[in-house]
Each structure stands twice: as C-alpha cells, then as structure tokens.
Amino acid sequence: MRLVFDCSTAKLENLIIHQVGNKLRDEGLFVSPAMYEMKDGNVEELLLKYFLSSFKNKVLYKFFHETDIHLNELYMYISSIFIDPHSFYSQSVNILRHLYEKSSHPQIKGGEFYMVYFTDCIVNEQKTDGIGIFKTEKKETYLKVTKYAEEFVIGSEKGINVKKLDKGCIIFNIDSSDGYRVGIVDAVNKGNNEALYWKDDFLRLTNVQDGY
C-alpha cells in the first residue's frame, strides 16, 4: 500500500535509548534507567532528520500472525502504548528484549536501540501518532579540527551519520484491528539473508493488499 507521509509536522514527544547485542555471541543488552530528557532543540532537530528522512520507500506493511494477530508480540506491545502512553518505558524494555531474542544470526551487529513516540504524523491526509523503533549498527569516522592558540590539531572520532539510518520502523496508529500500518527501513542488510530478522522475525510484517 502506498504511504503518503508528511514528516515535516511530526513532533518528538518521548525518547528512550537502550543498547542491544548479538544473542549468539552472548553480548547481552543494556536497559537505560530513564527516558531521555531532551534539552537541546538542535539535537532534537537532528534526531528527527535521522529518524525520518530515510523513509523513502512508499510501501506500507502491517503486523500479522498465522492464527491470531494478538499472538504477535510487537503488535501487543505497541497496542499497549497506544492505549496507555504511560507504559512507553516498560514496553520499550519488552521490545528491546524481544529484539535481542531475534538477534541470533552470526552477522547481526549490536548497537543502540531507540524508541520514539511521535505526534502530529500525517498519513494519507490523516493526523495520527506513531511509534518509531530504530537501531544504529554502523559508526563512521569523522575528522575533528581544533584550533589551539596559533596552531591547528587534527583528530578523529566515531559518530553517527544523520543521513544514514541503519534500521527503523514507524508504526502508525491507524487500522489497529488490521495490524496497524508500518513503514520500514533496513539500509545495512538490504538483500542479505540476515536482513530477514528485522522485517520477518522481529517485526513479523506482511504486505497490505490494495490496488497499489
């Protein structure tokens, strides 16, 4: 199904950052003790760009289960948040642990796990909330030039390129009885077998059938 999504109006309401490793290598996970407190408007703007600008594939999916949609773990965790937004933190931990259980392919990399609650998303001209789940797997090396007195010092540091989202999904609070509507990004493992774990094992998504 074609997705008409206007990210220019979306607002970042809640953000939690955890860390998830590869279960096969017994890397474990790290649970943040509290929600991230946004204090810098510039950082918030960069985060919105990082989270939203990579959703260029205009295809929508939905959660599914072979026998009963209520047996899809992600569907139930997400539904709990939409029903009670105060459960955002506790459900983020459940989703983190669920992702860890599915991270058993030898080539899956560990990384930061972000979960975001968005408001004022526009989907097919309808305003709605959305829940974003994102994972950073790659860090890039940047040169850092600093001026001290009369000379320059060149160093390097690892960071995240805000134009390159590794893995992400946004679940929009529409068509809840039919598995919601979900947009996905998987730039790192596109075309590889280990990519299946994000869409098929972790999220358990299927196509939405329509004219498109």
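Residues numbered from 1 in each chain as written. Predicted model: local features only at pLDDT ≥ 70, side-chain atom pairs only at ≥ 80, totals over all residues. Heavy atoms only, no water.

*Asks:* What is the right way to look at the overall build of the protein in this model?
*Replies:* The number of helices and strands found in the protein is four helices and 11 strands. Projecting the C-alpha coordinates of the protein onto the three principal axes gives extents of approximately 70 × 40 × 35 Å. Among the 212 residues that make up the protein, the fraction classed as buried is 45%. Of the contacts made within the protein by residues no fewer than 6 positions apart, 67% connect residues no fewer than 24 positions apart. (Helix = DSSP H or I, 4+ residues; strand = E, 2+ residues; numbered from the N terminus. Buried < 20%, exposed > 50% of the residue type's maximum accessible area, 1.4 Å probe, protein only. Contact = heavy atoms within 4.5 Å.)

*Asks:* Which parts of the structure should I look at to understand the packing of aromatic side chains?
*Replies:* Ring pairs (aromatic) are described by centroid distance and by the angle formed between their planes. With the rule as written, the count across this model stands at 12 aromatic pairs. On the numbers, 6.3 Å between centres and 65° between planes, the contact of Phe-82 with Tyr-117 is edge-to-face. With Phe-82 in helix 2 (residues 73-83) and Tyr-117 in strand 5 (residues 111-123), this pair connects stretches of sequence that are 35 residues apart. Grouping residues by exposure puts Phe-82 and Tyr-117 together as buried. For Phe-82, a relative accessible area of 12% corresponds to the buried category. (Phe/Tyr/Trp six-rings, centres within 6.5 Å; stacked < 30°, edge-to-face > 60°.)

*Asks:* Before we go on, may I ask you to explain the packing of helix 3 (residues 88-102) against helix 4 (residues 196-203) in this structure?
*Replies:* How two helices sit against one another is set out by the angle between their axes and by the gap between those axes. Two numbers describe how helix 3 lies on helix 4: the axes approach to 10 Å, and their chain directions differ by 120°. Put simply, helix 3 runs oblique to helix 4. In this structure, helix 3 crosses over helix 4, and the sense of that crossing is right-handed. Facing Ile-95, His-98, Leu-99 and Lys-102 of helix 3, the residues of helix 4 in contact are Tyr-197, Trp-198, Asp-201 and Phe-202. By residue class, the composition of the contact of helix 3 with helix 4 is five nonpolar, one polar and two charged. (Axes fitted to C-alpha atoms, helices over the stretch in contact; angles between N-to-C directions. Parallel < 35°, antiparallel > 145°, perpendicular 65-115°, else oblique. Left-handed = near helix turned anticlockwise from the far one by under 90°. Nonpolar A, V, L, I, M, F, W, Y, C, P; charged D, E, K, R; others polar.)

Read these as spatial facts, not as claims about activity.
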